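Residue-level listing of the chains:
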Amino acid sequence: MSKAEGELGPHVADKDGNVTRAARTDDPYFGVSRVPPKVEGLPIGKASAGAYWEKAMTARQSRKPKKVPVEIDELLGRMLASSNQLAASSDIPMIREAVVKEEEGRFSPYAFGEGSYKDTDTPRSSLLQTGTSSSSPTTLKEDEGSVEFGLGQPLITGGELRLSQRLGRRDSNSEFFVPKDQADAKLRLEFKQPLLRGAGVEVNSAPMQLARLERDRSVADFQRQIEDQFSEVVRAYWTLYAERARVLQRQRLVGELQGVAGRISARKGLDTLTGEAEQATASIRSAEASIIRARTGADNSQARLSALLSDKALYGDEVEVIPTQRPAKKFIDVPLEDVALLAVQNRPELKAVALQLRSAELQEKVAKNNLLPDLDLFAGVSNDGLAGNNNYGDAWRGQWDQTDVDVDVGVRLKVPLGNTSEKAQHERRRIELRQLTSQMRNVSDTVLLEAQIAVREVRSAYQEMKAREAELSAVSTEIGALQARSDEGLESGSAFLATLISGLEDRTQAEERLMEATVTYNLALYALERAAGTMLTVRGIQATRIASDDLDYIRVSREGYVSKDADASQNGSNENILVNPQAIRKRNAQAGAQNAKTAQD
């Protein structure tokens, strides 16, 4: 069986920490699809032998007056409630939704109106202008005015429909102008439609479709940003845990080294060499220096947590943040094929590039349509009415019975010569489509690779943790034997004490390696969730649109979880945007009313 085949299927760990592929009889869930479990809910398992720092972690390590115990679940709640980074990221889908509405507005009906007036007085150039009688005027005087109003409707096919009503008046001093003080009316229905370039529902709805795809992609990016920030919070938490564990380990080492140094000093003048006391002191100073560095690392991790959460309650010289969640020790395995399938279904990176690919396909179709010549159809029907003495009512009624309906139809053709710009644009769109197709394959490969790495890392990190346990147990046994010989008086020379110092330092390093392996295993469990794309769903994290008197916003919360500053009515009443991006259109009116009432109070 090849190595790749051996990684498939569920795996189990024996009592020594060896991970092997499970036989059908070894695994009750053999053949059942699995989802990486929520790490915070996992059973901790048996504590590692000699890992005293796990129980001592909750004790204070400083004189800071304020103690803030935290677990990862609580940090997640703080992040969702107050993170400025998430607040900034959550506005991007709202902006993209506004762009969708902008594009949809292009097909909204509209009303229009126009008015004009003209008064002219020109010398006549012909008797036919003013009259042939001897008393006919020598200048032609005319005044006319009109008002036109109506409704227009842009069509999804690329055309336009307009219904207009014109009312006007006209008077002239010409003897041929009959009747005097004319009132006219004209009712017209117009239709315009491109037949080649710019024609069709697919082409004209493309801007709306592109805006919707971009909105959906912004939601996928928002999901990835939530996962990124939560992963950073988890890493900062376990870094804080590791630095505090180092403080405890180095403090223990300093105490034991001081005891050995005292014994060396007591043997001065007997069998102690000149530099042995200084060697013990140097070891103590080295351990004390590492305590300072570890405390600085803990302060930095605490500050990073505060920055990630935008939570001032966790930052400052007066606050000591204490991680109270103990690391998981039990072996957890999810078959590689299950993780890979979940990754393909859930990873936001794949969703985003798939939406980009769909956008590129649509833009290529629009660019192809732009290669066609312009051929537009014009058609209209109208009717006119005319009356004298400025009688607009008779003129309006005359539209319906004075004359037959006027009909006009026409086409307009425009053929670009060369069409260089449109051809270049179409070629660019085709290249972009090819590029995104390759990018889609590359992202798929990367996601599947990350799934493989995540599964392997969980298995190898667990085995390393068990190996480090065995290493610490062996070193501790050796130290115990040395101390027993010393207590029995069998060994007391300076060489023996130097060996004991070296052994104590080796044990501290073994403790640190076990602690780091334990932290690595727990981080690997979170990375497994991230690789499968289930980090948010297993915690019930959802994003909903909340109505506001000023501007609506997106709230990220946990299903069934009510934060201290949120009304219970805001939870679970709206559809999750992360699952269905179109739900961003639905406003949580109940929550909006509550916000408005709170603002008034």
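Quick caveat: nothing in here was measured; it's all calculated off a predicted structure. (Residues numbered from 1 in each chain as written. Predicted model: local features only at pLDDT ≥ 70, side-chain atom pairs only at ≥ 80, totals over all residues. Heavy atoms only, no water.)

> Explanation requested: the pairing of strand β10 (residues 406–414) in the structure shown.
Looking down a regular strand, the side chains alternate between one sheet face and the other. β10 sits mainly on the outside: 0 of its 9 residues count as buried. Bridge analysis of strand β9 (residues 374–387) against β10 gives 9 bridges, and the strand direction is antiparallel. Note that in β10 the partner of alanine 379 across the bridge is valine 409. (Buried < 20%, exposed > 50% of the residue type's maximum accessible area, 1.4 Å probe, protein only. Helix = DSSP H or I, 4+ residues; strand = E, 2+ residues; numbered from the N terminus. Pairing = 2+ DSSP bridges.)

> How do you make sense of the nonpolar core when you look at a structure like this?
One recurring pattern in soluble globular proteins: nonpolar side chains tend to sit buried together. Counting 93 residues, the largest nonpolar core has Trp53, Met79, Trp238 and Tyr521 as the members making the most contacts within it. Among the elements that line this core, the one with the most residues is helix α7 (residues 206–266), at 20 residues. Look past the residues within four positions of tryptophan 238 in its chain and what remains in contact with it is Ile72, Gln325, Arg326, Pro327, Val519, Asn522, Leu523 and Tyr526. Judged by nonpolar contacts, the second largest core, of 5 residues, contains Ala343, Val353, Val443 and Val447. (Core = buried A, V, L, I, M, F, W, Y, C linked by side-chain atoms within 4.5 Å. Contact = heavy atoms within 4.5 Å.)

> What's the story with a nonpolar patch on the surface in this structure? I'm lost.
Together, Leu161, Leu163, Leu189, Val381, Val405, Val407 and Val409 give the surface a local cluster of nonpolar side chains, amounting to about 590 Å² of exposed area. Elements that contribute at least two residues to the nonpolar patch include exactly β6 (160–172) and β10. As for its position among the elements, leucine 161 is in strand β6. (Patch = residues over 30% accessible without salt bridge, like charges linked within 9 Å, V, L, I, M, F, W, Y side chains within 5 Å. Areas by Shrake-Rupley, 256 points an atom, 1.4 Å probe, with all protein chains shown as cover. Salt bridge = Lys/Arg side-chain N within 4 Å of Asp/Glu carboxyl O.)

> Quick question: what am I supposed to make of unusual backbone geometry here?
If a residue is not glycine, its phi is most likely negative; likewise, a peptide bond is most likely trans. Residue valine 178 is joined to proline 179 through a cis peptide bond whose omega torsion reads -5°. Along the chain, the position of proline 179 falls in the loop between β6 and β7 (182–194). Here the phi dihedral of asparagine 390 falls at roughly 55°; this positive angle occurs in a residue that is not glycine. By the secondary structure assignment, asparagine 390 is in the loop between β9 and α11 (392–398). Exposure remark for asparagine 390: the relative accessible area of 28% places this residue in the partly exposed category.

> Would you take a moment to explain the packing of aromatic side chains for this structure?
To describe a pair of aromatic rings, you give the distance between the ring centres and the angle between the ring planes. Overall, the coordinates contain 8 aromatic pairs when judged by the stated rule. Over the ring of phenylalanine 112 we find arginine 162; its NZ or CZ atom is 4.1 Å from the centre of that ring. (Phe/Tyr/Trp six-rings, centres within 6.5 Å; stacked < 30°, edge-to-face > 60°. Lys NZ or Arg CZ within 6 Å of the ring centre and 35° of its normal.)

> For this particular structure, what's the right way to read the side chain of aspartate 338?
Structurally, aspartate 338 is set in helix α9 (residues 336–346). In this structure the side chain of aspartate 338 is engaged in a polar contact, spanning 3.0 Å, whose partner is the backbone nitrogen of arginine 34. (Polar contact = N/O pair within 3.5 Å; in protein donor to acceptor, adjacent residues only side chain to side chain.)

> Could you clarify how one ought to interpret the packing of α9 against helix α10 (residues 348–369) in this entry?
Packed helix pairs are characterised by how far apart their axes lie and by the angle those axes make with each other. Look at α9 against α10: their axes get within 6 Å of each other, and the N-to-C directions meet at 45°. By the angle between their axes, α9 is oblique relative to α10. In this structure, α9 uses Ala343, Val344, Gln345 and Asn346 to contact α10, whose residues at the interface are Pro348, Leu350 and Lys351. Partitioning the contact of α9 with α10 into residue classes produces 4 nonpolar, 2 polar and 1 charged. (Axes fitted to C-alpha atoms, helices over the stretch in contact; angles between N-to-C directions. Parallel < 35°, antiparallel > 145°, perpendicular 65-115°, else oblique. Nonpolar A, V, L, I, M, F, W, Y, C, P; charged D, E, K, R; others polar.)

> Whenever I open this one, the sheet that holds β9 confuses me. Can you help?
Within a sheet, each strand pairs with its neighbour through backbone hydrogen bonds, oriented either parallel or antiparallel. Across the sheet, which stays open at both edges, the 6 strands sit in the order β4-β5-β6-β7-β9-β10 with antiparallel pairing between neighbours. Among the strands making up the open sheet, the edge pair consists of β4 (110–123) and β10. The mean inter-strand angle of the sheet, taken between neighbouring strand axes irrespective of direction, is 20°. Alignment of strand β5 (residues 139–154) against β6, held across 13 bridges, turns out to be antiparallel.

> Would you explain the pattern of salt bridges in this entry?
Any two side chains of opposite charge can pair, on the condition that their charged atoms come close. Evaluation of the coordinates by the stated rule reveals 50 salt bridges. The salt bridge involving glutamate 104 is made with arginine 585; its shortest N-O contact spans 2.6 Å. Remark: arginine 585 occurs in the loop between β12 (553–558) and α14 (589–600) and glutamate 104 occurs in helix α4 (residues 84–104); sequence separation between them is 481 residues. Across the pair arginine 188 and aspartate 408 runs a salt bridge, and its minimum N-O distance is 2.9 Å. Residue arginine 188 is located in strand β7, and its partner aspartate 408 is located in strand β10; the two are separated by 220 residues in the primary sequence. Aspartate 408 sits in the partly exposed class, given a relative accessible area of 33%. Via salt bridges that share partners, Glu97, Glu104, Arg212, Arg215, Asp216 and Arg585 belong to a single interconnected network.

> Looking at this structure, I do not really get α10. What am I missing?
One full turn of an α-helix is made of 3.6 residues, so residues set three or four places apart face in the same direction. Look at α10: 32 Å from first C-alpha to last across 22 residues, which is about the 32 Å you get at 1.5 Å a residue. Turning to α10, its buried residues number three or more, namely Pro348, Leu350, Ala352, Val353, Leu355, Leu357, Ser359, Ala360, Leu362, Glu364, Ala367 and Asn369. (Expected span 1.5 Å × (residues − 1).)

> Would you mind showing me how to read the pairing of strand β8 (residues 319–323) here?
Across the 5 residues of β8, 5 count as buried, placing the element largely inside the fold. Of the two faces of β8, both are covered, the one formed by Val319, Val321 and Pro323 as well as the one formed by Glu320 and Ile322. The sheet contact formed by strand β3 (residues 66–70) and β8 spans 5 bridges and is parallel. Following the sheet pairing, valine 70 is matched in β8 by proline 323.

> Would you take a moment to explain the confidence of the model for the protein for this structure?
Note: predicted coordinates in regions of low pLDDT should not be interpreted at a detailed level. Per-chain confidence: the protein averages 84 in pLDDT, with 88% of residues scoring 70 or above. The least confident element of the protein is α14, whose mean pLDDT is 49; the most confident is α10, at 94. This model gives residues 563–573 a pLDDT under 50, and the stretch forms 19 contacts once residues within four places in sequence are excluded. (pLDDT = per-residue confidence, 0-100.)

> Help me understand the side chain of serine 136 in this model?
Mapping serine 136 onto the fold places it in the loop between α5 (127–130) and β5. Residue classification places serine 136 among the buried positions, given a relative accessible area of 8%. Engagement of the side chain of serine 136 in a polar contact is seen with the side chain of arginine 124, the distance being 2.9 Å. Among the polar contacts made by the side chain of serine 136, one reaches the main-chain carbonyl oxygen of serine 133 at a distance of 2.9 Å. Among all residues touching serine 136, those that are not within four sequence positions of it are Arg124, Thr130, Gly131 and Glu175.

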